[in-house]
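Observations on the model geometry
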Amino acid sequence: VQLQASGGGLVQAGGSLRLSCGASGRTFSRYCMAWFRQTPGKEREFVAAISQGGTRSFVRDSVKGRFTISRDNTERTVYLQMKSLTPDDTAVYYCAAARAVSGEVITSEARYDYWGQGTLVTVSS
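This is a predicted model, so every value here is computed, not measured.

1. Examining the state of the cysteines
- With the rule as written, the count across this model stands at one disulfide.
- There is no disulfide at Cys32, and the cysteine sulfur nearest it, in Cys21, is 12 Å away.
- Taking the relative accessible area as the measure of exposure, Cys32 reaches 0% and is therefore buried.

If you want it as structure tokens, here you go:
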């Protein structure tokens, strides 16, 4: 699976962005998909994940109520809708794919086999 993330950019605090991650291959629907983020000098951290069929998802506490993950298996794309952005959300955002069983939502970075190239989100104060 090859992943291509897009949608990052510069936004003012309180604004919104939607990240997209398109996947190649015909097995997209077999993967749990996730978004991670990383800022310079810090470890990459989990942001959100969604199960194969999109029926289950999980987001980290600090973005709960502000970020929503979704997917379109027909379009082989996963999205991260971000609203009420703060400067603390500034990071490079990566999408990732993990082999999973039906309904499984994976938060562990070590389980992810495929990674996109990252897209930079900068939130100005």
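Continuing now.
2. Observations concerning the packing of aromatic side chains
- Applying the stated rule across the entire model yields six aromatic pairs.
- Measuring from centroid to centroid gives 5.0 Å for Phe36 and Trp115, while their planes differ by 55 degrees, and the two rings are tilted. Of this pair, Phe36 sits in strand 4 (residues 31-38) while Trp115 sits in strand 10 (residues 114-115); the two residues are 79 residues apart in sequence, bridging distant segments of the chain.
- Taking the relative accessible area as the measure of exposure, Phe36 reaches 1% and is therefore buried.
- Aromatic pair Phe46 and Phe58: ring centres 6.1 Å apart, planes at 25 degrees, arrangement stacked. Taken together, the residues Phe46 in strand 5 (residues 45-50) and Phe58 in strand 6 (residues 57-59) connect sequence positions 12 residues apart.
- An aromatic cluster of at least three residues, connected via ring pairs, comprises Phe36, Phe46, Phe58, Tyr112 and Trp115.
- The positively charged end of Arg44 is found above the aromatic ring belonging to Tyr94, 5.0 Å away from the centroid.

So, how was this worked out
Residues numbered from 1 in each chain as written. Predicted model: local features only at pLDDT ≥ 70, side-chain atom pairs only at ≥ 80, totals over all residues. Heavy atoms only, no water. Disulfide = S-S within 2.5 Å. Buried < 20%, exposed > 50% of the residue type's maximum accessible area, 1.4 Å probe, protein only. Phe/Tyr/Trp six-rings, centres within 6.5 Å; stacked < 30°, edge-to-face > 60°. Helix = DSSP H or I, 4+ residues; strand = E, 2+ residues; numbered from the N terminus. Lys NZ or Arg CZ within 6 Å of the ring centre and 35° of its normal.

Purely geometric stuff here, so don't read any function into it on its own.
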